[in-house]
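One letter stands for each residue in the lines below.
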Amino acid sequence: MCGIAGFVGSGDAEDLRRMTDAISHRGPDGAGLWHEANVSLGHRRLAIIDLEGGAQPMHSHDGRFVTVFNGEIYNYVELREALLSRGAVFQTDHSDTEVFLEAYRHWGTEFQARLNGMWAAAIYDRRERVLFLTRDRFGKKPLYYAHGEGGLAFASELRALCLHRSVKRGISPEAVRKFLAHGYIPAPGTIFSGVAKLPGGSWLLLNAETLRVRSQQYWRFDLRPAPDIARKDAPEIGRMLLQKIEAATALRLRADVPVGVFLSGGIDSTTIATLAARSTNKLSSFSIGFEEKTFDETPYALEMAKRLDLEHEHGEISAGKCRELLPAVLSRLDEPLGDPSLIPTFLLCRMASRRVKVCLSGDGSDELFAGYDPFRAIPAATAYHSAVPQGLHRLLRGGADLLPVSFRNMSFDFKLKRTLRGLSHPPEFWNSIWMAPFDLPEIRALTGGGELEEIFSEALVSQRQGESRGGVDQMLRYYTDLYLRDDILTKVDRASMMNGLEVRCPFLDVDLVELVRKLPAAFKLHGLTTKWILKEAIRDIVPSHIVQRKKKGFGMPIGKWFYDGALTMDLDNLAGLVDVEVVERMLAQHRQRKANHSWGLWCLFVLGLWAREQRGTSAASESVTKRSL
């Protein structure tokens, strides 16, 4: 786990030094810089595997290839054996980075299909003078780039990329609207015009002489139910599934440093902790709780830690601690991210990093197995849409808006109002609107423009791909292609890397995902039971009351904090980005309990802190650039 940066074309050693210094938190264990002709590669290392031999930039044994690599290849042992049988020569004892490099050398761009892991990397071919950029299937590891007449620059984080002299910082109005609609900015877009994210499951090839690029998506989450799988009964599929999860968990325990596990008390983290405890002695586990009990899962985490005999550490978050952390955490985001659970995730990672360098998490399960409440709403929403005319719908929505506002976690009025809000639009927009911080009229009021098709373009593309167009499968593609990649995994990467911690996700194991995407939708949403086949698979290893309990999530009581003044907003930070008078009205409605704008206000709060930081960073960067030129 590391940070990478580099460029081809314009730039010098000082550019590369500034870029790698900006991501030093991602790799506190080592640094390396390499230059040749118009190519520069930089690396910051968090040492996990082959502590002595894994320094980067790393060269192939013949010197032809050079790589900077961020991530872990979990099946590097098996790949190394396969490569040795083909005559590969290794210089290190067991570096997964060298396995990655040799796999590219032997199999070319097709090597990605053989990798089971997470990565963002650059490989430079010194003979052919081409630079290859690649990102893992789900985009667990970040990779930003900017391509122009002067060349191409790339980095693990946007703030590092922007320290290259050729990269401009012009904020994209379209990106601001997308942020207010999603709470994140979907790939390939970023908050800055002219800067892109390399999407998960994609690669890019740059000719270092002509500076021309070509790119390709090598993998996507296609849902293709397989007849041979569908014919099997639920117990047999459950056994197959549990075997895959257990193998994925064991594979992610490979490390030359201590490994722990996040334990919330939900079925996903409990499953991973249970299986990990079978493979290692005295496993460390970590959880975070809340003073506000409707958001707290502490009793379940403590129960499972005791049952599994884990070395458990627990922390608690309050409004006071949240306020204390906000400037330090949010100001370090390279682009705004409106997921409130970033703060408890940061605290959890900080706690874990004091004892271990690697943690396993349950991320990815909800997206693969249809674990969210909107999946359960599909049958009722479809029937409602067919039976209720728009005139009556508007009356019902108006009536729902009169219900008392509650700031409890996933309260009845919140879910009802959000459901009806989504049903005000065509079916292909339902899930996007259900998940949106703001509705279209609110976005237009805040930004002065915006159309549904433009704001949710990435969601529409995702949902229209693939052979299956059913409601559950469309939503699964939305959650895996957008929400998982650009929210959940981004949040975990930033929170963990701020603390020098690597987080691994067994549920995103390539072999496990291959099985899951062959399962019919009915195995995931069974009647109104979400994650049905997963729950069937783990019944013998996870207590029934944890399997059956209601999903709570990992949110924060931000609605209450805005209501009682624990969180306040500096509107000057938002000037020039949104209409601050509209923000003032929303704040007033929220504090008078006329509306629940919790998530929307949080996104504006995050956007404001990010903008304040950017103004200071931009001024400092401009000063440095003038001095260097």
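This text goes with the structure placed above it.
Structural notes, computed from the coordinates. (Residues numbered from 1 in each chain as written. Predicted model: local features only at pLDDT ≥ 70, side-chain atom pairs only at ≥ 80, totals over all residues. Heavy atoms only, no water.)

**Details of the overall build of the protein**
Here is the rule: Runs of E in the DSSP output that reach at least two residues are strands. Runs of H or I that reach at least four are helices, and both are numbered from the N terminus. In this treatment the radius of gyration is a C-alpha quantity, and the globule benchmark scales as 2.2 Å times the residue count to the 0.38 power. Exposure is judged per residue with a 1.4 Å probe applied to protein chains only, and the accessible area is read against the type maximum: over 50% gives exposed, under 20% gives buried, and values in between give partly exposed. Per-residue and other accessible areas follow the Shrake-Rupley method at a 1.4 Å probe size, with only the shown protein chains counted as cover for residues. In this tally, Lys and Arg are treated as positive and Asp and Glu as negative; His is ignored, and so are the chain termini. One atom stands in for each charge, and that atom is NZ of Lys, CZ of Arg, CG of Asp or CD of Glu.
Per the secondary structure count, the protein includes 26 helices and 17 strands. For 629 residues, the compact-globule formula gives about 25 Å, and the C-alpha radius of gyration of the protein, at 24 Å, lands near that figure. In terms of its C-alpha atoms, the protein occupies a principal-axis envelope of roughly 70 × 60 × 45 Å. By residue count, 61% of the 629 residues in the protein fall in the buried class. Of the roughly 23,500 Å² of accessible surface on the protein, a fraction of 51% belongs to carbon and sulfur atoms. If you average the places of the 81 positive and of the 77 negative side-chain charges in the protein, the two averages end up 2 Å apart.

**What about the state of the cysteines?**
Rules: Cysteine sulfur pairs qualify as disulfides if the two atoms are within 2.5 Å.
The tally for this structure, following the rule as stated, stands at zero disulfides. The thiol of Cys-2 is not disulfide-bonded; the next cysteine sulfur, from Cys-349, is found 17 Å away. Its relative accessible area of 4% is what places Cys-2 among the buried residues.

**Remarks on the environment of Pro-186**
This is how the line gets drawn: It only takes one pair of heavy atoms within 4.5 Å for two residues to be counted as in contact.
Examined against the element boundaries, Pro-186 turns out to sit in the loop between helix H5 (173-182) and strand E10 (196-197). Pro-186 gets classed as buried once you look at its relative accessible area, which sits at 1%. Sequence separation of Pro-186 and Lys-197 is 11 residues, and the distance between their C-alpha atoms is 8.8 Å. Sequence-distant contacts of Pro-186, that is, excluding residues within four places in its chain, are made with Lys-178, Lys-197, Glu-458, Leu-482 and Asp-486.

**Description of the sheet that holds strand E4 (residues 58-59)**
Each strand in a sheet pairs with its neighbour through backbone hydrogen bonds, running either in the same direction (parallel) or in the opposite one (antiparallel). Applied cut-off: What makes two strands pair is DSSP finding at least two bridges between them. For every element, the axis is a line fit to its C-alpha atoms; helices are fit only across the contacting stretch, and the angle between N-to-C directions ranges from 0 to 180 degrees.
Ordered by their spatial adjacency, six strands build an open sheet running E4-E5-E6-E7-E11-E12, and the pairing between neighbours is antiparallel. One side of each edge strand has no neighbouring strand; the edge strands of this open sheet are E4 and strand E12 (213-217). In this structure, strand E5 (residues 65-73) lies alongside strand E6 (residues 117-125), joined through nine bridges in antiparallel fashion. Bridge pairing in E6 links Phe-69 to Ala-121. Contacts from helix H3 (residues 96-107) reach E4, E5, E6 and strand E7 (130-135) within the one sheet, and its direction differs from that of E5 by about 120°.

**Focus: a nonpolar patch on the surface**
The condition that has to hold: A patch consists of residues whose relative accessible area exceeds 30% and which take part in no salt bridge; residues with like charges are grouped when within 9 Å of each other, and nonpolar side chains (Val, Leu, Ile, Met, Phe, Trp, Tyr) when within 5 Å. Salt-bridge detection follows one rule: a side-chain nitrogen of Lys or Arg within 4 Å of a carboxyl oxygen of Asp or Glu.
Taken together, Leu-392, Leu-395 and Leu-396 make up a surface patch of nonpolar side chains, about 280 Å² in accessible area. Note that Leu-396 resides in helix H14 (residues 390-400).

**Topic: the nonpolar core**
The line we're drawing: As used here, the term nonpolar core means buried Ala, Val, Leu, Ile, Met, Phe, Trp, Tyr and Cys residues forming a set that is joined through side-chain atoms within 4.5 Å.
Counting residues in each nonpolar core, the largest one holds 184 residues, and the members touching the most others are Leu-241, Leu-330, Met-569, Val-578 and Trp-602. A total of 13 residues in this core trace back to one element, the largest contributor, which is helix H20 (residues 471-497). Aside from chain neighbours lying at most four places away, what touches Met-569 is Phe-562, Leu-574, Val-583, Leu-587, Leu-601, Leu-604 and Phe-605. Core analysis: the next-biggest nonpolar cluster, separate from the first, contains 22 residues, Ile-4, Val-66, Leu-131 and Ala-208 among them.

**Notes on the layout of surface pockets**
We apply this condition: Cavity: a set of points on a 1 Å grid over the protein atoms alone where a 1.4 Å probe fits but cannot get out. Pocket: an open set with protein on both sides within 12 Å along at least five of seven lines, its lining residues, like those of a cavity, having an atom within 4 Å of a point. Grid points are joined across faces, edges and corners, and a volume is the space filled by probe spheres set on the points. Residues are sorted three ways: Asp, Glu, Lys and Arg are charged, Ala, Val, Leu, Ile, Met, Phe, Trp, Tyr, Cys and Pro are nonpolar, and all the rest, Gly among them, are polar.
In this structure, the second largest pocket spans a volume of roughly 330 Å³. Taken together, 17 residues form the lining of the second largest pocket, with Ala-187, Pro-199, Gln-217, Asp-481 and Arg-485 sitting closest to its centre. Those elements that provide at least two residues to the lining of the second largest pocket are helix H19 (457-464) and H20. Residue contributions to the lining of the second largest pocket peak at four residues, all from H20. Looking at the lining of the second largest pocket residue by residue, the classes come out as six nonpolar, five polar and six charged.

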